[in-house]
Amino acid sequence: MKRKTLGSILLAAFLLQGAWVAYTQNQKPPGPLRIQKIKGDLFMISGEGGNVAVYVTNEGVVLVDDMFDRNHADILTQVKSVTDKPLRYVINTHQHDDHAGGDLKMLPIAEVIAHKNARANLVDIKQPYYEDTPGTPIGLPRVTFSDELSVHLGGKEVRAKYFGRGHTSGDAVVYFPDLRVIHTGDLFLGQRGGKGPNIYVDYAQGGSFMDWTKTLDGVLTLDFDSVIPGHGPVSTKADVIKFRADVETMRNRLAAMVRQGRNKPEVLKVLEDDYGWRSTGCPLTPPTAGCLQFQQSDALMAELAKN
Ligand SMILES: [Zn+2]
């Protein structure tokens, strides 16, 4: 019994070390970031990973998302370039490591908040990865919420709302009511040009293509003008309305293909040609940067067939 325990510990240590070596050997150097003013005391940091919102109050700073682990130091530098107030809160839009990858390094200096499903996904899957190497360190948010949570700081309010599944099962939309601005995480992508909404439904972490438009309908009940998307340039409410319509058109088209008995390669070809999904050169496993959409296509086919 004792020997077995020791064996398990050694095995766990070996696996952890392996993951750590893979992580440190494969971690990319951080890319350059920039900060721009959105409105009032609200700024956006972009350049790599997901967009980060920076809300400055006279009692401290609230961030929405914190990019990859590798961007941590530069994010702090960018925040310092607009305020000398301390960082107080980080709200995650979801758990992917291009949005919440900096959580572990934020935990000692700020309160990290996420939807309860986002935290559960992190606990469950033990990898936040979207682009980074398996083994990326995970920081579990200390505070979670179900439907709504507000941070009141320096006379200002930041409100995190949950409207249902879409990109994952734990997508928070963050509302700055005084400024009429929202941060949507990856429920909305501020694309310019392109052929259609290149969305990613993360089935492994509870996402749903079918629920996505209903969730956006909830988002559209908020009173806002400007939008910080998960990725891409600052957008408007009209852009979200158009994106919602495009997602619906895409879903109806694919569901019709499945109803007509078209097979997975045919559906994937449309996703590649018309929606920018990458499948050529993607292995079925392990999770590979840019391949996760393709690697979850069985779940997509199953959900389309149910409709
Ligand atoms: Zn994401």
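Right above here is the structure, for reference.
Nothing here was measured: the structure is a model prediction, and the numbers come from that model.

(A) Representation of the sheet that holds strand 6 (residues 111-115). Strand order in the open sheet formed by 7 strands is 1-2-3-4-5-6-7, and the pairing between neighbours is mixed. Each having just a single partner strand, strand 1 (34-39) and strand 7 (143-145) make up the two edges of the open sheet. Neighbour-to-neighbour, the strand axes of this sheet turn through a mean angle of 25°, independent of strand direction. Alignment of strand 4 (residues 60-64) against strand 5 (residues 87-91), held across 4 bridges, turns out to be parallel. Bridging from a neighbouring strand, Val61 pairs with Leu87 of strand 5. Strands strand 6 and strand 7 of the sheet are contacted by helix 5 (residues 116-125), whose axis makes an angle of about 95° with strand 6.

(B) Structural detail: the pattern of salt bridges. One pass over the full model with this rule turns up 19 salt bridges. Arg159 serves as the salt-bridge partner of Glu157, at 2.9 Å between the closest nitrogen and oxygen. With a relative accessible area of 17%, Glu157 lands in the buried category. A salt bridge links Glu248 to Arg244, with the nearest nitrogen and oxygen atoms 3.1 Å apart. Highlighted residues: Glu248 and Arg244, both in helix 7 (residues 237-259), separated by 4 residues, approximately one helical turn. If you follow the salt bridges from partner to partner, you end up with Lys39, Arg180, Asp223 and Asp225 in one network.

(C) The arrangement of the coordination of the zinc ion in detail. In the first shell of the zinc ion, the protein supplies His94 (NE2), His96 (ND1), His167 (NE2) and Asp186 (OD), at 2.2 to 2.4 Å from the metal. Around the zinc ion, the 4 donor atoms sit at angles spanning 86 to 169°, and that spread fits a shape best called irregular. Motif for the zinc ion, donor spacing along one chain: H-x1-H-x70-H-x18-D. One end of the pair, His96, is in the loop between strand 5 and helix 3 (97-100); the other, Asp186, is in the loop between strand 11 (181-183) and helix 6 (209-219), with 90 residues separating them in the sequence. Of the two residues, His96 and Asp186, neither departs from the other in class, the shared state being buried.

(D) Geometry of the side chain of Ser235. Within the secondary structure, Ser235 sits in strand 13 (residues 235-236). Of note is the side chain of Ser235, whose polar atom sits 2.9 Å from the backbone oxygen of Pro233.

Each value, and the rule that gives it
- Residues numbered from 1 in each chain as written.
- Predicted model: local features only at pLDDT ≥ 70, side-chain atom pairs only at ≥ 80, totals over all residues.
- Heavy atoms only, no water.
- Pairing = 2+ DSSP bridges.
- Helix = DSSP H or I, 4+ residues; strand = E, 2+ residues; numbered from the N terminus.
- Axes fitted to C-alpha atoms, helices over the stretch in contact; angles between N-to-C directions.
- Contact = heavy atoms within 4.5 Å.
- Salt bridge = Lys/Arg side-chain N within 4 Å of Asp/Glu carboxyl O.
- Buried < 20%, exposed > 50% of the residue type's maximum accessible area, 1.4 Å probe, protein only.
- Donors = N, O, S within 2.8 Å, 3.2 Å for Na, K, Ca; no water.
- Tetrahedral: all angles 85-135°; square planar, octahedral: opposite > 155°, others 65-115°.
- Polar contact = N/O pair within 3.5 Å; in protein donor to acceptor, adjacent residues only side chain to side chain.

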